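Structural overview for review
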Amino acid sequence: MAKTVLIVDDSPTLRASVDFTLGEVGYRVLHAQNGKEALELLAQFDGNGEEIGMIITDVNMPVMDGISFIKEVKRTPFKFVPILVMTTEAQETMKNEGRTVGASGWLVKPFKPEQLLNVVAKLAS
Amino acid sequence: MTVFFDSHVREEVVNLLPGEFGASREGRIYSTVLGSCVAVVIYDAANRVGGMNHFMLPGAVEDRRFYATENGRYGMYAMELLINAVIKEGGERSRLVAKVVGGGSVLAGSGLVSRVPDNNVNFAFDYLGTEGIPVVSSHVGGSFGRKIYLYAASGRVLLRRIGKGHLAPVAEEEARYLARARTDALEAEKRLTLF
């Protein structure tokens, strides 16, 4: 069965881009516009890790930002699902915050499509 | 980015070079000089916050795969930096509107280079349309350059055409920026940190 990746970003352009890149090689991509919407979407799954292989999240989003979202995920049955932060924020302090709340990786935009595919293949396995 | 007293508008102005962006809620004035590049102005007039970028895509824009290509990503990055900056300064996403300026045919060359201005303009409109940010006015194309001033608090833009005789330094600056943008796009390896 195709691996499912949840992309959390307020930009429809960015979501479309990720969807296209991952969809082309067979991933199923779910979309959420912010952390809150993503948590509501996750609640519809059972959290055994077989249904959601990986989460990709932006940092700066309205309603619920990426860091708060990761903290919340870590309190749900999805706490073992790898989370990649994908953002324009490149400062070490921000990366450390991501590491502290339990992100698995930090990818700074702009990046190559192959790089996204490689990191997703690594983390989602 | 340099700040100087501009004798045309008789105020302090922040000048943006290709690849730079700025946003402010302090009634700041931004200026930039455009040849083939595009500047997108984004503002929230109700909250008196606005900003502007100045960018060029490092390569061709082709088909529906566009947003998954490096060029597409480069443009998305330029736009995202600006939108994030405007929101950080207090702009509300739902109130944002845009102005698109530039994309003159000023770089010498044929083939890919000759399509650069149109690529940039098309990208800007397509991106803003997809993001649901209305374009309230635009001044694009032509075979001249442009100098623009943005009054960030109101979104007001003043524009002056730059004729062919004065375009050489603009085109040179843009060509240097384009070369840099291509290199940046290739340096993606440094951008991933696994925890």
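Described below are features of the structure shown in this document. Being a predicted model, the structure only gives us computed values, none of them experimental. For every chain, the first residue of the written sequence is number 1, and numbering continues from 1 along that sequence. A letter from A marks each chain and a number from 1 marks each ligand, given out in the order of writing. Local features in this predicted model are restricted to residues whose pLDDT is 70 or higher, and side-chain atom pairs enter the listing and the counts only when it is 80 or higher, whereas totals over whole chains, interfaces and linings include all residues.

**Here we look at the overall build of chain A**
Threshold: Working definition: helices are DSSP H or I runs of at least four residues, strands are E runs of at least two. Numbering for both runs from the N terminus. Between the buried cut of 20 or more and the exposed cut of 12 or fewer other C-beta atoms within 10 Å of a residue's own C-beta lies the partly exposed class, and all C-beta atoms are placed from the backbone. Here contacts are defined at the residue level, using C-beta atoms placed from the backbone and a cut-off of 7 Å between them.
A tally of regular secondary structure across chain A gives five helices and five strands. Going from the N terminus to the C terminus, chain A shows its helices and strands as β-α-β-α-β-α-β-α-β-α. A buried classification covers 43% of the 125 residues belonging to chain A. Within chain A, residue pairs in contact and separated by at least 24 positions form 66% of the contacts whose partners lie at least 6 positions apart.

**Topic: the pairing of strand β7 (residues 97-102) of chain B**
All names here are of chain B. To be explicit about the condition: Pairing between strands requires that DSSP locate at least two bridges from one strand to the other.
Counting buried positions over the six residues of β7 gives five, a clear majority of the element. The pairing of strand β5 (residues 38-44) with β7 spans six bridges and is classified as antiparallel. Paired with A39 across the strands is V101, a residue of β7. Sheet topology places β7 next to strand β8 (residues 135-140); five bridges connect them, and they run parallel. What sits directly across from A98, in β8, is V135.

**Some details on the sheet that holds strand β5 (residues 105-108) of chain A**
Under the convention used in this document: Axis definition: a line fit to C-alpha positions, over the contact stretch in the case of helices; interaxial angles, taken between N-to-C directions, run 0 to 180 degrees.
Strand order in the open sheet formed by six strands is β2(A)-β1(A)-β3(A)-β4(A)-β5(A)-β11(B), and the pairing between neighbours is mixed. Single-partner strands in this sheet number two, and they are β2 (28-32) of chain A together with β11 (192-194) of chain B. Taken over all neighbouring pairs, the strand axes of this sheet differ in orientation by 20 degrees on average, direction set aside. Pairing geometry for strand β1 (residues 4-8) of chain A and β2 of chain A, over five bridges, is parallel. Pairing of I7 of chain A across the sheet is with H31 of chain A, part of β2 of chain A. Packed on one face of the sheet, helix α1 (residues 12-23) of chain A meets β1, β2 and β3 (54-57) of chain A and runs near 170 degrees to β2 of chain A.

**Digging into helix α5 (residues 113-124) of chain A**
Put simply, the test is: Each helix should span, by expectation, one fewer than its residue count multiplied by 1.5 Å. This arc is built from the directions going out from the helix axis to the C-beta atoms.
In a regular helix each residue adds 1.5 Å, so 12 residues correspond to 16 Å; α5 of chain A covers 16 Å between its end C-alpha atoms and thus fits that length. When we look at burial in α5 of chain A, the residues that qualify are P113, L116, V119 and V120 of chain A. Buried residues of α5 of chain A, viewed axially, fall in a sector of 130 degrees; they line one side. Residues of α5 of chain A that are exposed and point over 90 degrees away from its buried face: E114 and N118 of chain A. The inward-facing, buried residues of α5 of chain A abut β1, α1, β3, β4 (83-87) and β5 of chain A together with β11 of chain B.

**Some remarks on the interface of chain B and chain A**
Inclusion rule: Note on residue categories: nonpolar means Ala, Val, Leu, Ile, Met, Phe, Trp, Tyr, Cys or Pro, charged means Asp, Glu, Lys or Arg, and polar means any other residue, Gly included.
Tallying the contact residues gives 23 residues for chain B and 26 residues for chain A. Among the secondary structure elements, those contributing two or more residues to the side of chain B that touches chain A are α1 (70-88), α2 (112-131) and β11 of chain B. For the side of chain B that touches chain A, the class distribution of residues is 12 nonpolar, four polar and seven charged.

**Quick look at the pairing of β3 of chain A**
All names here are of chain A. Applied cut-off: Call a crossover right-handed when, viewed with both strands pointing away from you, the route from the first strand across the helix to the second goes clockwise.
Burial of the side chains of β3 extends over both faces: M54 and I56 are buried on one face and I55 and T57 on the other. Bridge count for β1 against β3 is four bridges, and the pairing is parallel. When the sheet's bridge partners are listed, L6 is paired in β3 with I55. For β3 and β4, the ladder comprises three bridges, and the chain directions are parallel. By the bridge assignment, I55 is partnered in β4 with I83. The parallel pair β3 and β4, bridged by helix α3 (residues 66-73), forms a crossover whose chirality is right-handed.

**Some details on the sheet that holds strand β10 (residues 156-162) of chain B**
All names here are of chain B. The strand order across the open sheet formed by five strands is β1-β2-β4-β9-β10, and the pairing between neighbours is mixed. Every other strand in the sheet has two partners, leaving β1 (2-6) and β10 as the edge strands with one partner each. Pairwise comparison of adjacent strand axes, ignoring direction, gives a mean angle of 30 degrees for this sheet. Note: strand β9 (residues 145-151) against β10, seven bridges, orientation antiparallel. Looking at the pairing, I148 lines up with L159 of β10.

**What about the environment of G90 of chain B?**
All names here are of chain B. One can find G90 in the loop between α1 and β7. G90 sits in the partly exposed class, given 13 other C-beta atoms within 10 Å. Distance in space between the C-alpha atoms of G90 and N47 is 7.0 Å, their sequence separation being 43 residues. When sequence neighbours within four positions are dropped, the list of residues in contact with G90 reads R25, N47 and V49.

**A few points about the packing of helix α2 (residues 35-42) of chain A against α3 of chain A**
Residue and element names in this part refer to chain A. Put simply, the rule is: Oblique is the label for every angle not falling under 35 degrees (roughly parallel), over 145 degrees (roughly antiparallel), or within 65 to 115 degrees (roughly perpendicular). Each helix crossing is assigned a hand: it is left-handed if the near helix lies turned anticlockwise from the far helix by less than a right angle, otherwise right-handed if that turn is clockwise.
Relative to each other, α2 and α3 sit at 25 degrees, their axes nearing to 9 Å. Judged by the inter-axis angle, α2 sits roughly parallel to α3. Every pair of crossing elements has a handedness; the one defined by α2 and α3 is right-handed. Residues G35, A38 and L39 of α2 form the contact with α3, whose own contacting residues are G66, S68, F69 and E72. Here the residues of the contact of α2 with α3 are counted per class, giving three nonpolar, three polar and one charged.

Function-wise, these values are silent; they only describe arrangement.
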